[in-house]
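The chain contents come next:
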Amino acid sequence: MAEAEKQVSTSAGRRARLRAYMALGVFIAIIIGLYLGQPDSFSRWMTALHVVAVISWMAGLLYMPRLFIYHSDAAPGSEQSETFKVMEQRLLKVIMNPAMMITWGLGLYLAWDVFRFQGGWLHAKIALVVLLTVVHVLFSRAVRGFAADGPRKSPRYWRMMNEAPTLLMIAIVILVIVKPF
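Residues numbered from 1 in each chain as written. Predicted model: local features only at pLDDT ≥ 70, side-chain atom pairs only at ≥ 80, totals over all residues. Heavy atoms only, no water.

## Here's the deal with the overall build of the protein
- When its secondary structure is counted, the protein shows 6 helices and 0 strands.
- Taken from the N to the C terminus, the helices and strands of the protein come in the order α-α-α-α-α-α.
- In terms of overall dimensions, the protein has C-alpha extents of about 55 × 35 × 20 Å along its principal axes.
- In the protein, which comprises 181 residues, the share counted as buried stands at 35%.
- Sequence-distant contacts, at least 24 apart, represent 76% of the contacts inside the protein between residues at least 6 apart.
- Carbon and sulfur atoms make up 68% of the accessible area of the protein, which totals about 10500 Å².
- Taking the average location of the 19 positive side-chain charges in the protein and that of its 10 negative ones, the two points are 5 Å from each other. (Helix = DSSP H or I, 4+ residues; strand = E, 2+ residues; numbered from the N terminus. Buried < 20%, exposed > 50% of the residue type's maximum accessible area, 1.4 Å probe, protein only. Contact = heavy atoms within 4.5 Å. Areas by Shrake-Rupley, 256 points an atom, 1.4 Å probe, with all protein chains shown as cover. Lys, Arg positive; Asp, Glu negative; His and termini not counted. Charge placed at Lys NZ, Arg CZ, Asp CG, Glu CD.)

And the structure:
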């Protein structure tokens, strides 16, 4: 396969980044258009867009540790390791970071506009989202560590870390839907 055709090539990375920025731009343009138009269902629109961002962020948080599991088994400097580096970087920068920022922005807007930051369930949810963000930061550091061929954690460690976003997500969804307190 020629270098220009490979998905790990620099040009493929630029194209992926450009598509991601275009999608992010469209997403932000929709938010701005809705804000300026202020339809009666504005809060519902913001909730829907918040959920889309959360799904995107969670997809990355659930997939990244799987990449780490396989990357841990690849020899540093090998072609396989280099491929995982590209996959991890793109997942983090193109999907996870923008989705996290949009999730936080829209989530805080909804907490303020819809719920006026009232309710124990909301405070607990925000605390759990802070923990989810800590997991995101840990994954970001791991991406940098793998990129530098630094010391690696075991695949077993990453299997256990794979559960953290799942457990936090379950608790957050229960708080949002049930509002137990």
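## A look at helix α3 (residues 79-113)
- Here α3 contains 35 residues, and its C-alpha end-to-end distance of 50 Å stays within 8% of the 51 Å for a straight helix at 1.5 Å per residue.
- Taking the largest bend as the criterion, α3 deviates by roughly 35°, centred on leucine 92. (Expected span 1.5 Å × (residues − 1). Bend = angle between axes of the 7 residues up to and from the residue.)

## Overview of a positive patch on the surface
- On the surface, a cluster of positive charge is made up of Arg14, Arg15, Arg17, Arg19 and Lys93.
- With 4 residues, helix α1 (residues 10-37) is the largest single contributor of residues to the positive patch.
- Along the chain, arginine 17 falls in helix α1. (Patch = residues over 30% accessible without salt bridge, like charges linked within 9 Å, V, L, I, M, F, W, Y side chains within 5 Å. Salt bridge = Lys/Arg side-chain N within 4 Å of Asp/Glu carboxyl O.)

## Focus: unusual backbone geometry
- Positive phi, normally seen in glycine, also occurs at aspartate 149, with a value near 55°.
- Summarising the element assignment, aspartate 149 is placed in the loop between α4 (120-147) and α5 (155-161).
- Judged by relative accessible area, aspartate 149 falls into the partly exposed class, the value being 33%.

## Some thoughts on the side chain of threonine 103
- You can see threonine 103 is positioned in helix α3.
- Judged by its relative accessible area of 5%, threonine 103 falls in the buried class.
- Polar side-chain contacts of threonine 103 include one of 2.7 Å to the backbone oxygen of alanine 99.
- Non-local contacts of threonine 103, meaning those with residues more than four positions away in its chain, are made with His50, Ala53, Val54 and Trp57. (Polar contact = N/O pair within 3.5 Å; in protein donor to acceptor, adjacent residues only side chain to side chain.)

## Quick notes on the packing of aromatic side chains
- Tallied over the full model, the rule gives 10 aromatic pairs.
- Measuring from ring centre to ring centre gives 6.5 Å for phenylalanine 146 and tryptophan 158, while their planes differ by 40°; the resulting arrangement is tilted. With a gap of 12 residues between them, phenylalanine 146 in helix α4 and tryptophan 158 in helix α5 connect regions that are remote in the sequence.
- A residue is classified by how much of its surface remains accessible, and phenylalanine 146, at 4% relative accessible area, is buried.
- Overall, tryptophan 158 belongs to the buried group, its relative accessible area being 5%.
- Look at tyrosine 157 and tryptophan 158: their rings are 4.8 Å apart centre to centre, the planes differ by 80°, and that puts the pair in the edge-to-face class.
- Taking the relative accessible area as the measure of exposure, tyrosine 157 reaches 27% and is therefore partly exposed.
- Taken together, the ring pairs in this structure connect Phe68, Phe139, Phe146, Tyr157 and Trp158 into an aromatic cluster. (Phe/Tyr/Trp six-rings, centres within 6.5 Å; stacked < 30°, edge-to-face > 60°.)

## Things to note about the pattern of salt bridges
- Considering all chains together, one arrives at 3 salt bridges under this definition.
- A salt bridge links glutamate 82 to lysine 85, with the shortest nitrogen-to-oxygen separation between them at 2.8 Å. Here glutamate 82 and its partner lysine 85 are both found in helix α3, 3 residues apart, which amounts to about one turn of the helix.
- Exposure remark for glutamate 82: the relative accessible area of 34% places this residue in the partly exposed category.
- In this structure, lysine 85 and aspartate 149 form a salt bridge, with 3.1 Å as the shortest nitrogen-oxygen distance. You can see lysine 85 sitting in helix α3 and its partner aspartate 149 sitting in the loop between α4 and α5, a full 64 residues away along the chain.
- Under the relative-accessibility criterion, lysine 85 is labelled buried at 11%.
- Residues joined by salt bridges that share partners form a network here, namely Glu82, Lys85, Asp149 and Arg152.

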